[in-house]
Amino acid sequence: MDFLRPATWEEALAAKAEHPTAVPIAGGTDVMVEINFDHRRPDVLLDLNRVVDLYEWEVGEETVRLGAAVPYTRVIEALGRELPGLALAARTVGSPQIRNRGSVGGNLGAASPAGDSHPPLLAAGAEVEAVSVRGTRLIPVEEFYTGVKRNALAPDELIRAVHIAKADGPQQFSKVGTRNAMVIAVCAFGLALHPATRTVRTGIGSAAPTPVRAGTAEEFLTAALEEEGLWDSGRTVPPSVARQFADLVAACASPIDDVRGSAAYRRHALRVMARRTLGWTWDEYLGNERSARCA
Amino acid sequence: MGVTRTPTPTTQGSETTGGIGESTLRPDGVLKTTGEFAYASDLWHEDMLWGHTLRSPHAHAEIVSLDVSRALAQPGVYAVLTYDDLPTDVRHYGLEIQDTPVLAHGRVRHHGEPVALVAADHPETARRAAAKIRVEYRQLPVVVDEATATAPDAPLIHEGRTDHHSGHVPHPNVVHRQPIVRGDADAAARRADVIVTGDYEVGMQDQAFLGPESGLAVPAEDGGVDLYIATQWLHADLRQIAPVLGLPEEKVRMTLSGVGGAFGGREDLSMQIHACLLALRTGKPVKMVYNRFESFFGHVHRHPATLHYEHGATRDGKITHMRCRIVLDGGAYASSSPAVVGNASSLSAGPYVIDDVDIEALALYTNNPPCGAMRGFGAVQACFAYEAQMDKLAAALGMDPVEFRRLNAMSQGAVMPTGQVVDSPAPVAELLRRVKAMPMPPEREWESAGGGVDVRALPGGLSNTTHGEGVVRGVGYAVGIKNVGFSEGFDDYSTARVRLEVIAGEPVATVHTAMAEVGQGGVTVHAQIARTELGVTQVTIDPADTRVGSAGSTSASRQTYVTGGAVRHTCQAVRERVLELGRAKLGTHHPAWATAELLLESGKVVTDDGEVLAGLAEVLGDEAIDIEREWRHRPTEPFDLRTGQGRGHVQYSFAAHRAVVDVDTELGLVKVVELACAQDVGKALNPLSVVGQIQGGTTQGLGLAVMEEILVSDRATVRNPSFTDYLIPTILDTPPIPVDVLELADDHAPYGLRGVGEAPTLSSTPAVVAAIRAATGLALRRVPVRPENLTGT
Ligand SMILES: Cc1cc2nc3c(=O)[nH]c(=O)nc-3n(C[C@H](O)[C@H](O)[C@H](O)COP(=O)(O)OP(=O)(O)OC[C@H]3O[C@@H](n4cnc5c(N)ncnc54)[C@H](O)[C@@H]3O)c2cc1C
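None of the values given here were measured: they were computed from a predicted structure.

A.B. asks: Help me get a handle on the UniProt feature "domain: FAD-binding PCMH-type" (unreviewed entry) in chain A, residues and values and all.
C.D. replies: According to UniProt, the "domain: FAD-binding PCMH-type" (unreviewed entry) feature falls on residues 1-169 of chain A. What you have in residues 1-169 of chain A is 33% helix and 26% strand, and the ends, taken at the C-alpha atoms, are 47 Å apart.

Written as structure tokens, this is what we have:
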């Protein structure tokens, strides 16, 4: 096995172009497990740990450009205000050791349907900055997941960063696991309210071959909030609307039975999480509205 | 000689003065916490080879052909062994029944059964070579439960059985069956005002010890072998290893290596014989270490069980009778299934007075993973069921569940279903009273002052699944009974060697036993005993090995009792010898040498009223006293095969739990808020260790209640052999565990002590489930309880 250690981003891109089968390694919390369990025998490992650009982030006007290798711990510490959904999800990843190493770029690279970054990225709205020696493209995150543990990267491409829309309203993330830490999601749900555009977005984890948005549920809720004038009225979401939203979220999933849980439970849990997170975000929205009016 | 990272003697010097009853710190504690302790997986020998095991991917298959030529041809490979290469006619082993092939012979009976061995100069080379062994399997129908095991056309897991149970079992796929009949259950049932029945199920729990199976075999010049190994009982291993190698026992020298937990999972052999065979074949040291995945196939698990119970009671709350049938799945090989059957049956009534019982317990041979010893050993499964029954009975009578239990609780003098009289304290009602009297944890702790929510205090924790919605509190109680020591007539002795000498003017005791320190703290306790008995401060604990007699197993909550007893007994012999020497040398100096009761204290010989007669240095001079002694507890006897009557157990131990849980009833997620325990330990030799044992056992019981289970497919293959999917409690799942320790001496035991390790594992599980039932109103007949069970999905 060859071990390449580029010192700069340009060298990394050149190395990936030269060795398209090279496996990038950032935090290594997925790659090393696969190697240790012999699920993967890469000919070439491309170590990104010396490429300092990947560990930085920039907070812009509308988005956060999050370097691919920024560990979860940093997201939790530094980006809770801009990316509240992602920060909530980051808290649920593994253990302190894993959060110190693991990254959103790695989560995207692995593209597991159970990856905890995905629901909040889908709900917030994000684009993956995929770069090769040929150039840069921004891939909307919903188009990034192409199958179980497959993504839209070309063989010569690396993830430079993720551009994530800064929160313009409340966001929530919920994950069901059968213990309180170090657990792979049985299923997960992310919800973001976007008062600026009067829309809502969602993300479902671990309940379909890829992370997905609950499109029909989003459309229904966006329309219902508009029709009932809820964005301005300061009223709570009627239970019937919340229930239908929850049912539509569950209907957008296509879960399976496996050792971690049954398909029926996953659908049920999504319904519960959708209803609860809607309640929490809407309460927060109303609270913010009220305090904004008072100010 | 090249072996490194083997245990060295630990000397606890003059800064440690604690005798029995004091919470002296463990000599291995700091090393283990700082990561410096040498475990068996750290063993190293220059020039060593690495062994690897090829295992069956199928649960039941015929081996049609086996071709190792491609593996042998791989550079770096020194040996490839199959059944045909075994050196003698002894090709099977087993704790009680020698039914386990060292390597599969023509047929595999469970997923992961060892088929071939490879030794190579690098672990990766060994693994790759093993992958090149061509095995052609023809899959056979699988036996997975009682119905498939005893069906008319059921394949026999072991044909032509001749073991000592084969004559009395109802079917060759039944390893052992033990009925117990006492009184007249039919007649008593007619007196009952209420009768409740229930069917219960316990999933397959794993010991999940953190240090995987590991050892190093070094061939010796005399044709023998030195084996450094993590095990629970050196001499039981030795008895099984030597005949397969064709060596006399004295040529197989075993030394205990650092053991990273056991919980029963190291009672059976894993890689011991394999490493020795490879070492003897290649003439080179061979190390074998399982990884986590392999470890799930490398040891037996807790028997899954189905249990049917019937209890009756009168209106005033007295239990009339109990009938039960317990079916344990022993998997493909016997391991300790017969003894587990003995425990499950004899302890099936729980710590209650029930005069009329009709009991049957049996273990099956199936193609599921082999099951054997695990903390609680047959008593865990029964306790889950009888405690559920107690709650059902109390509910049927409209009584408080704790009061109902107290009304029927056994006490000293009670008669077990086996006819054995419980002849030492049995404070069952008192333990229940104490655990109920403990202060309750506060409610709704997640609500913080500012109206915010602390999700860490809620079910789901940081996963942020509820801010209080759907959360209901429940409280549940349970109590259990566990035997201590090996039962049913087993000669359960231990051996200790104690040396007393003066080094640099100070008396030093050296304690040498073959006791496996697996984390229980035996080495700490042995030093405490030596200090108390010999009045010294400096004690050296020699590494455990087979140069001293057997210490028996580190299991059945027995080591402090039995090897502790042996150390005490031997120390007393050493003391006698000191006094003899003293009398001979100095007897004329003071009349008290002849007349008074003499003790050893603070390095001196003193009279019972404290007068100093001489220093140990003066008495011993440069003579060393060195004595090895065996020690036995009271004998037991086998259970009658038809009636189950017999004084089968050495001692009983009792613990009670109160569980407080918050259940998210919509999502089916459980947070155990607190798990309080009260236990009688007779005498706490080391109070800190006692609390540690109780908290550990309690946590393992919590794991069985809400998460731990090995899942098998319908083809009997293991579906979750990893810590990714076999979940054990993390520290965030472990609640505060307040412990109330009661010390009522058992006059038959050394210092009055009672084995501690297992009892807390029993009642923890049913207490948690009772609390979940209280919160949800659901029947919950099975553990572990999954979110699906709580949400009907
Ligand atoms: C004990 C444990 C617990 C875990 N718990 C969780 C959990 O709760 N939730 C969860 O979501 N995950 C969990 N994981 C998985 C893992 O930690 C996450 O997926 C993490 O985000 C991976 O990040 P990393 O930087 O370590 O990735 P790496 O292991 O370095 O890489 C992961 C994948 O991404 C690719 N990759 C990495 N960087 C780039 C790049 N810049 N461009 C292109 N491809 C790239 C790699 O080639 C590889 O395919 C756990 C893992 C462990 C070992």
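Next comes the rest of the description.
A.B. asks: With reference to specific residues and values, describe the site of the ligand.
C.D. replies: Residue and element names in this part refer to chain A. The environment of the ligand is made up of 33 residues, and the closest members are P24, T29, D30, Y72 and D116. D30 has a polar side-chain atom sitting 2.6 Å from an oxygen atom of the ligand. Summarising the interface, the protein chains cover 89% of the accessible area of the ligand, which totals 970 Å² for the free molecule. Among the elements of the structure, β2 (23-25), α2 (31-36), α5 (96-101), α6 (104-110) and β10 (158-165) are those that each provide at least two residues to the shell around the ligand. When residues in the shell around the ligand are grouped by element, the largest group, four residues, is from α6. Residues that form the shell around the ligand fall into these classes: 17 nonpolar, 11 polar and five charged.

A.B. asks: So, the confidence of the model for chain B: which residues are in play, and what are the values?
C.D. replies: Mean pLDDT for chain B: 97, with 99% of residues reaching 70 or above. Predicted as a complex, the structure gets a pTM of 0.97 and an ipTM equal to 0.96.

A.B. asks: Can you lay out the sheet that holds strand β26 (residues 538-541) of chain B for me, pointing to particular residues and giving the numbers?
C.D. replies: Residue and element names in this part refer to chain B. If you trace the five strands from one edge of the open sheet to the other, you get β2-β26-β25-β24-β30, paired in mixed fashion. Unpaired on one side and paired on the other, β2 (10-12) and β30 (625-631) mark the two borders of the sheet. Taken pair by pair, the neighbouring strands of this sheet meet at an average axis angle of 20°, ignoring direction. Where strand β24 (residues 494-503) meets β30, seven bridges bridge the pair, whose relative direction is antiparallel. Paired with T495 across the bridge in β30 is E630. Sheet strands touched by helix α13 (residues 522-534): β2, β24, β25 (506-512) and β26. Its angle to β26, the strand with the most contacts, is close to 140°. Where helix α14 (residues 559-586) meets the sheet, its contacts fall on β24, β25 and β30, and the angle it forms with β30 comes to roughly 140°.

A.B. asks: Which residues make up the domain arrangement of chain B, and what are the values?
C.D. replies: Residues and elements named next belong to chain B. By domain assignment, chain B separates into domain 1 (3-37 + 493-632), domain 2 (40-140 + 212-259 + 266-298) and domain 3 (424-484 + 647-791). Inter-centroid distance (C-alpha atoms) of domain 1 to domain 3 is 37 Å. Taken together, the 21 residues of domain 1 in the interface contact 20 residues of domain 3. With both chains or domains summed, domain 1 and domain 3 bury close to 1600 Å², and 60% of this area falls on carbon and sulfur atoms. When residues of domain 1 are sorted by the area they lose upon contact with domain 3, I20, S557 and Y561 head the list and together hold 40% of the total. For the pair domain 1 and domain 3, the interface holds zero salt bridges. Linking domain 1 with domain 3 are seven residue pairs in polar contact (both at pLDDT 80 or more), by the criterion used here. Taken together, the elements giving at least two residues each to the side of domain 1 that touches domain 3 come down to α13 and α14. At five residues, α13 tops the list of elements feeding residues into the side of domain 1 that touches domain 3. For the side of domain 1 that touches domain 3, the class distribution of residues is seven nonpolar, 10 polar and four charged.

Reading guide: rules and limits
Residues numbered from 1 in each chain as written. Chains lettered and ligands numbered in written order. Predicted model: local features only at pLDDT ≥ 70, side-chain atom pairs only at ≥ 80, totals over all residues. Heavy atoms only, no water. UniProt positions renumbered as here; feature names shortened; annotations may be inferred. Helix = DSSP H or I, 4+ residues; strand = E, 2+ residues; numbered from the N terminus. Near = heavy atom within 4 Å. Polar contact = N/O pair within 3.5 Å; in protein donor to acceptor, adjacent residues only side chain to side chain. Areas by Shrake-Rupley, 256 points an atom, 1.4 Å probe, with all protein chains shown as cover. Nonpolar A, V, L, I, M, F, W, Y, C, P; charged D, E, K, R; others polar. pLDDT = per-residue confidence, 0-100. Pairing = 2+ DSSP bridges. Axes fitted to C-alpha atoms, helices over the stretch in contact; angles between N-to-C directions. Contact = heavy atoms within 4.5 Å. Domains from an automatic or database assignment. Buried area = accessible area lost by both parts, 1.4 Å probe. Salt bridge = Lys/Arg side-chain N within 4 Å of Asp/Glu carboxyl O.

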